[in-house]
Amino acid sequence: MIKLSVVIITFNEEQNIGRCLDSVKEVADEIVVLDSFSTDRTKEICEEHKVRFFAHEFDGHIQQKNRAITYASFPHVLSLDADEALSKTLKASVLQAKQNWDADGYTFNRLTNYCGTWIHHCGWYPDRKLRLFDARKGKWTGFNPHDKYELEPGSVIKHLKGDLLHYSYHTIEQHHKQVENFTTIVANSDFKKGKKAPLLKVWFSPVVKFIRDYFILLGFLDGKAGYTVCRISAGATYKKYSKLRKLYKLKG
């Protein structure tokens, strides 16, 4: 059986980190937490769970997640966010993978809880993630804040049964706040890459986004929460392109 390092990055996650740590204690041979100098009880909770706790200034999701892996004692890594937890089925699948490791990485679906409702549509599920891997064969890539783990070409990837439970937002206000933060990051990233945001794109992309998520991807089946998710997601699309246009007016 291989040894497994569970690696988590945190910042002010006292509301979530305990649940995350409890869900992995049966599969982890060690738990590594890389914190960004939290000001709440995150460190205290981690110390209660006997994790290996480190701190480093946050300089981007991709950078921080790659850095966190360097603290792991074992090459086989399960990388989680603090607001995630393993379901019972996924926990059993990870234990089975440990006993018979026959791939370079493993994916599984992520199921998101939005203000107390599990979202099965809206383009949010199945949200397949590669989070269990041999860290010697890949790295975190992408564009902040949208990170993804990539294995080297030719790697073998298998899919595990069970869901990664994602406790995303406890309130709608948290969602709006995250949208403001993420759209600013994305707009700045797109500006650096020279992407444009024509006025037609600013106005029509949100409409297309809502129609796709709510009707085509059956977001309406998730009830009131589904409508809220699709509405705010469409609004985020507008904010992203609107902020990009403003950057060109200011710096272009």
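Residues numbered from 1 in each chain as written. Predicted model: local features only at pLDDT ≥ 70, side-chain atom pairs only at ≥ 80, totals over all residues. Heavy atoms only, no water.

**Some thoughts on the pairing of strand β1 (residues 5-10)**
In terms of residue burial, β1 counts as a mostly covered element, since 6 of its 6 residues are buried. Here β1 shows two buried faces, one formed by S5, V7 and I9 and the other by V6, I8 and T10. With 5 bridges connecting them, β1 and strand β4 (residues 76-81) associate as parallel partners. In the sheet register, I9 faces β4, and the bridge partner there is D81. (Buried < 20%, exposed > 50% of the residue type's maximum accessible area, 1.4 Å probe, protein only. Helix = DSSP H or I, 4+ residues; strand = E, 2+ residues; numbered from the N terminus. Pairing = 2+ DSSP bridges.)

**Overview of the nonpolar core**
One finds I8, I31, L78, L80 and L132 to be the most contacted residues of the largest nonpolar core, which totals 30 residues. Elements that contribute at least two residues to this core include exactly β1, α1 (17-24), β2 (30-35), α2 (42-48), β4, α4 (88-99), β6 (105-114) and β11 (157-169). Not counting the four nearest positions on each side in its chain, I31 is found in contact with V6, I8, L21, V24, V51 and R52. (Core = buried A, V, L, I, M, F, W, Y, C linked by side-chain atoms within 4.5 Å. Contact = heavy atoms within 4.5 Å.)

**What to know about helix α3 (residues 61-69)**
Looking only at α3, the buried set comprises I62, Q64, K65, A68 and I69. Each element contacted by the buried residues of α3 is listed here: β1, β2, β4, β8 (127-134), β9 (138-143) and β10 (146-151).

**Here we look at the environment of T70**
Relative to the elements of secondary structure, T70 occurs in the loop between α3 and β4. Its relative accessible area of 60% is what places T70 among the exposed residues. Sequence separation of T70 and F210 is 140 residues, and the distance between their C-alpha atoms is 40 Å.

**Details of helix α5 (residues 172-192)**
When the terminal C-alpha atoms of α5 are compared, their 30 Å separation across 21 residues agrees well with the 30 Å that a helix rising 1.5 Å per residue should span. Among all positions of α5, only H175, V179, T183, V186, A187, S189 and D190 are buried. What you see down the axis of α5 is that its buried residues fit within an arc of 160°, all on one side. Within α5, the exposed residues directed more than 90 degrees away from the buried face are E173, K177 and K192. On the buried face of α5, the contacting elements are β6, β9, β10, β11 and α7 (223-251). (Expected span 1.5 Å × (residues − 1). Arc of directions from axis to C-beta.)

**A few points about unusual backbone geometry**
In this structure, P126 follows Y125 across a cis peptide bond, with omega equal to -5°. With respect to the helices and strands, the residue P126 is situated in the loop between β7 (117-119) and β8. A positive phi angle is found at K50, which is not glycine, with a value near 60°. Positionally, K50 belongs in the loop between α2 and β3 (52-55). Given a relative accessible area of 73%, K50 falls into the exposed group.

**Description of the packing of helix α6 (residues 199-216) against α7**
It is at 9 Å that the axes of α6 and α7 come closest, and there the two elements cross at 160°. The angle between the axes of α6 and α7 places the two elements in the roughly antiparallel class. When the axes of α6 and α7 are compared, the crossing they make is right-handed. Counting all contacts with α6, which are made through L199, K201, V202, W203, S205, P206, K209, F210, D213 and Y214, the residues of α7 involved are G226, Y227, C230, R231, S233, A234, T237, Y238, Y241, S242 and R245. Residue composition of the contact of α6 with α7, by class: 11 nonpolar, 5 polar and 5 charged. (Axes fitted to C-alpha atoms, helices over the stretch in contact; angles between N-to-C directions. Parallel < 35°, antiparallel > 145°, perpendicular 65-115°, else oblique. Left-handed = near helix turned anticlockwise from the far one by under 90°. Nonpolar A, V, L, I, M, F, W, Y, C, P; charged D, E, K, R; others polar.)

**Focus on the environment of F37**
Position of F37 relative to the elements: it lies in the loop between β2 and α2. Taking the C-alpha atoms as reference points, F37 and F58, separated by 21 residues in sequence, lie 8.5 Å from one another. Non-local contacts of F37, meaning those with residues more than four positions away in its chain, are made with F11, A55, H56 and E57.

**Describing the pattern of salt bridges**
Taken as a whole, this structure holds 23 salt bridges when the rule is applied. Residue K91 is joined to E26 by a salt bridge in which the shortest nitrogen-to-oxygen separation is 3.9 Å. One end of the pair, K91, is in helix α4; the other, E26, is in the loop between α1 and β2, with 65 residues separating them in the sequence. Here E26 falls in the exposed class, since its relative accessible area comes to 52%. Via salt bridges that share partners, K65, D81, E84, R110, D127, K129, R131 and D147 belong to a single interconnected network. (Salt bridge = Lys/Arg side-chain N within 4 Å of Asp/Glu carboxyl O.)

**Regarding the packing of aromatic side chains**
A complete count under the given rule lists 15 aromatic pairs for this structure. Note on W203 and Y238: the rings are 5.4 Å apart at their centroids and 45° apart in plane angle, and the pair reads as tilted. Taken together, the residues span a long stretch of sequence, with W203 in helix α6 and Y238 in helix α7 at a distance of 35 residues. Ring centres 5.1 Å apart and planes at 85° place the aromatic pair Y214 and F215 in the edge-to-face group. In this structure F215 comes out as partly exposed when scored by relative accessible area, which is 46%. Among the aromatic residues, those joined into a ring-pair cluster are F210, Y214, F215, F220 and Y227. In this structure, R19 is placed above the aromatic ring of Y167, and the distance from its NZ or CZ to the ring centre is 3.7 Å. Here K193 stacks its cationic end above the ring of F143, 3.5 Å away from the centre of that ring. (Phe/Tyr/Trp six-rings, centres within 6.5 Å; stacked < 30°, edge-to-face > 60°. Lys NZ or Arg CZ within 6 Å of the ring centre and 35° of its normal.)

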